Amino acid sequence: MDSILVKGNGALNGVIPIAGAKNACLTLMPATLLSEEPLTLTNAPRLSDIRTMTQLLQSLGAEVASLQDGLVLAMSSHTISNHTADYDIVRKMRASILVLGPMLARDGHAVVSLPGGCAIGARPVDLHLKAFEAMGAELDLRDGYVHAKAPGGRLKGAVVEFPFVSVGATENALMAATLAKGTTVIKNAAREPEIVDLARCLQKMGAQIEGEGTSTITIQGVDRLHGATHPVVTDRIELGTYMLVPAICGGEVELLGGRIDLVGAFAEKLDESGISVTETARGLKVSRRNGRVKAVNVTTEPFPGFPTDLQAQMMALLCTADGVSVLEEKIFENRFMHAPELIRMGAKIDVHGGTAKVTGVSKLKGAPVMATDLRASVSLILAGLAAEGETLVNRVYHLDRGYERVEEKLSACGAKIERIKGN
């Protein structure tokens, strides 16, 4: 497996372009299954997860072409020739479950393997299945697969009320409802920008959706959807990650395509810790105001709160802050697996259940560390940029699922970082 070698060398300055959102693109791609006409996505990120979703869609009979060096995805699902999403593909990525709603809505039946993905908690798919049952689907779980069928070949509009906010379940229910007969109301819906982006794309395809971005989404089912072209929204997690580069190292970095509305709660915490974030004509500019970063307390919450996907990176920053910070993880269990690796670099972190107490140290020290999941991978790279000496981050295959060309983007700002190819 590849590793990444980072050498701490002071302040970083430059420009970093932010890609289209992985989590948005992985949701938009299955929307092609809802229509016989082509769906084209622009501003697509170039990531291994996108390749996995491409492979999954192609296995179902969709045509997917990667154009303009991967920045454009041209897709067509004129016919769905296979209604079984196989375990060998689905196990690689949790987002694979998002093909279930579109296939069930369009053709009235689907068989999808229960998914795999990062080891950051159970993340069960029950809420997806309960939404489809509310819309009249008959479900049978056997041999690790969900066998789903809509009696009469079509789902029916329904009130779907989630007991807690789930991004994936909201997305799956939203897509399924576009072709259901009648009106569907999704209550306690997720409000993330990726949900809004999906709704906008579906609206371009002819879906009748109101309330996206709020906790109640209303969908009036239509008989068919048509083709469309849609730009993938900016990746707010990549944006937040690179906002931390000048915060942890010093210097000033401009993030092209950055939008403050995508990272409001996160930017507020940076401001509280002594980091300046300003809007520019091209995006956002970030720099440390003066002196050492101040300790802050962080609690992860569904959007518009502080994102769980930025918790590991924020912890890396707070390892060198002045004072004691408390991070409370309320979205996923098992999401402090990066803490022992940061401790290897000299960090003082005390984890109790879903809470981590971080006592800032004056300097981290480079060490060999192991990436445990996607966001943990990049948190260790950030820590390495601020540490004395060399940090070798092992098992970075997780990183390639969510960040494109990390070494290239950081090197352009003066970082000493290189990929070491595995055997």
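So, how was this worked out
Residues numbered from 1 in each chain as written. Predicted model: local features only at pLDDT ≥ 70, side-chain atom pairs only at ≥ 80, totals over all residues. Heavy atoms only, no water. Helix = DSSP H or I, 4+ residues; strand = E, 2+ residues; numbered from the N terminus. Rg over C-alpha atoms; globule rule 2.2 N^0.38 Å. Buried < 20%, exposed > 50% of the residue type's maximum accessible area, 1.4 Å probe, protein only. Contact = heavy atoms within 4.5 Å. Areas by Shrake-Rupley, 256 points an atom, 1.4 Å probe, with all protein chains shown as cover. Lys, Arg positive; Asp, Glu negative; His and termini not counted. Charge placed at Lys NZ, Arg CZ, Asp CG, Glu CD. 1 Å grid on protein atoms, 1.4 Å probe; cavity = no way out; pocket = protein on both sides within 12 Å on 5 of 7 lines; lining within 4 Å. Points joined across faces, edges and corners; volume = space filled by probe spheres on them. Nonpolar A, V, L, I, M, F, W, Y, C, P; charged D, E, K, R; others polar. Axes fitted to C-alpha atoms, helices over the stretch in contact; angles between N-to-C directions. Parallel < 35°, antiparallel > 145°, perpendicular 65-115°, else oblique. Polar contact = N/O pair within 3.5 Å; in protein donor to acceptor, adjacent residues only side chain to side chain. Salt bridge = Lys/Arg side-chain N within 4 Å of Asp/Glu carboxyl O. Pairing = 2+ DSSP bridges. UniProt positions renumbered as here; feature names shortened; annotations may be inferred.

Participant: Break down the overall build of the protein chain for me, citing the residues and quoting the values.
Facilitator: For the protein chain, the helix and strand inventory stands at 13 helices and 24 strands. Against the compact-globule benchmark of 22 Å for 423 residues, the protein chain has a radius of gyration of 22 Å, which places it among compact chains. Along the three orthogonal principal directions, the C-alpha set of the protein chain runs to about 65 × 45 × 40 Å. Out of the 423 residues in the protein chain, the part that is buried amounts to 57%. When contacts within the protein chain are restricted to residue pairs at least 6 apart in sequence, those whose partners lie at least 24 apart make up 74%. Put simply, the protein chain shows about 16000 Å² of open surface, and 48% of that area lies on carbon and sulfur atoms. Treating the 44 positive side-chain charges of the protein chain as one cloud and the 47 negative ones as another, the clouds have centres 3 Å apart.

Participant: I'd like a description of empty space enclosed by the protein, backed by residues and values.
Facilitator: Enumeration over the complete set of coordinates arrives at 3 cavities of 30 Å³ or more. Here the largest cavity is characterised by a volume of approximately 40 Å³. Looking at the largest cavity, the residues that line it are Thr308, Gln311, Ala312, Arg335, His338, Asp373, Arg375 and Ala376. Listed by contribution, the elements that provide at least two residues to the lining of the largest cavity are helix H10 (311-318) and helix H12 (374-386). Class assignment for the residues of the lining of the largest cavity results in 2 nonpolar, 3 polar and 3 charged.

Participant: Go over unusual backbone geometry, please, and point to the residues and values.
Facilitator: Across the junction of phenylalanine 303 and proline 304, the peptide omega takes the value 15 degrees, indicating a cis bond. As for its placement among the helices and strands, proline 304 is situated in the loop between strand E18 (298-299) and H10. Although it is not a glycine, asparagine 43 sits at a positive phi angle of roughly 60 degrees. With respect to the element layout, asparagine 43 can be found in the loop between strand E3 (39-42) and helix H2 (48-59). One non-glycine residue with positive phi stands out, namely arginine 405, at about 55 degrees.

Participant: Tell me about the packing of helix H8 (residues 236-249) against H10, residues and numbers included.
Facilitator: Closest axis-to-axis distance for the H8/H10 pair is 10 Å, and the angle between their directions is 5 degrees. Relative to H10, the element H8 is oriented roughly parallel. Counting all contacts with H8, which are made through Ile237, Thr241, Leu244, Ala247 and Ile248, the residues of H10 involved are Gln313, Met314, Ala316 and Leu317. By residue class, the composition of the contact of H8 with H10 is 7 nonpolar, 2 polar and no charged.

Participant: Can you tell me about the side chain of serine 273, naming the residues and giving the values?
Facilitator: With respect to the helices and strands, serine 273 occurs in helix H9 (residues 264-273). Exposure remark for serine 273: the relative accessible area of 2% places this residue in the buried category. Looking at serine 273, its side chain comes within polar contact range of the main-chain oxygen of leucine 270, at 2.8 Å. Serine 273 has contacts with Val293, Lys294, Val296 and Leu317, leaving out every residue within four places of it along the chain.

Participant: Now, about the pattern of salt bridges: what can you tell me, with residues and values included?
Facilitator: Per the stated rule, a full pass over the model turns up 23 salt bridges. Between glutamate 390 and lysine 7 there is a salt bridge, and its shortest N-O distance comes to 3.6 Å. Taken together, the positions of glutamate 390 in strand E23 (residues 390-394) and lysine 7 in strand E1 (residues 3-7) put the pair 383 residues apart, joining distant regions of the chain. A relative accessible area of 45% places glutamate 390 in the partly exposed class. Judged by relative accessible area, lysine 7 falls into the partly exposed class, the value being 32%. Among the ionic pairs, aspartate 69 bridges to arginine 46, the shortest N-O distance being 2.9 Å. Pair noted here: aspartate 69 is in the loop between strand E4 (63-67) and strand E5 (72-76) and arginine 46 is in the loop between E3 and H2, with a separation of 23 residues, a long-range link.

Participant: Go over the environment of isoleucine 50, please, and point to the residues and values.
Facilitator: For isoleucine 50, the position within the fold is in helix H2. Overall, the relative accessible area of 5% leaves isoleucine 50 in the buried class. Spatially, the C-alpha atom of isoleucine 50 lies 7.5 Å from that of lysine 22, the residues being 28 residues apart in sequence. Dropping the residues within four chain positions of it, isoleucine 50 is found in contact with Cys25, Leu26, Met29, Pro45 and Leu73.

Participant: A description of the sheet that holds strand E8 (residues 138-142) should follow, citing residues and the corresponding values.
Facilitator: Taken in spatial order, the 4 strands line up as E6-E7-E9-E8 in an open sheet, and their pairing is mixed. This sheet does not close on itself; its edge strands, each paired only once, are strand E6 (84-85) and E8. Note that E6 and strand E7 (residues 109-113) share 2 bridges and pair parallel. When the bridges of E7 are listed, threonine 84 appears paired with valine 111.

Participant: Now, about the UniProt feature "binding site: phosphoenolpyruvate" (unreviewed entry) in the protein chain: what can you tell me, with residues and values included?
Facilitator: Mapped onto this structure's residue numbering, the UniProt feature "binding site: phosphoenolpyruvate" (unreviewed entry) falls at Lys22 and Asn23. Summarising the element assignment, lysine 22 is placed in helix H1 (residues 22-28). Judged by relative accessible area, which is 6%, lysine 22 ranks as buried. Once residues within four sequence positions are removed from consideration, lysine 22 is found in contact with Pro45, Leu47, Asp49, Asp235, Leu374, Arg375, Arg401 and Gly402. The exposure class assigned to asparagine 23 is partly exposed, which follows from its relative accessible area of 30%.

Participant: So, the side chain of aspartate 2: which residues are in play, and what are the values?
Facilitator: Mapped onto the secondary structure, aspartate 2 falls in the segment before E1. The exposure class of aspartate 2 is buried, given its relative accessible area of 18%. Within the structure, aspartate 2 has its side chain in polar contact with the side chain of lysine 421 (distance 3.4 Å). Each residue touching aspartate 2, except ones within four places of it in the same chain, is listed here: Asn394, Arg395, Val396, Arg419, Ile420, Lys421 and Gly422.

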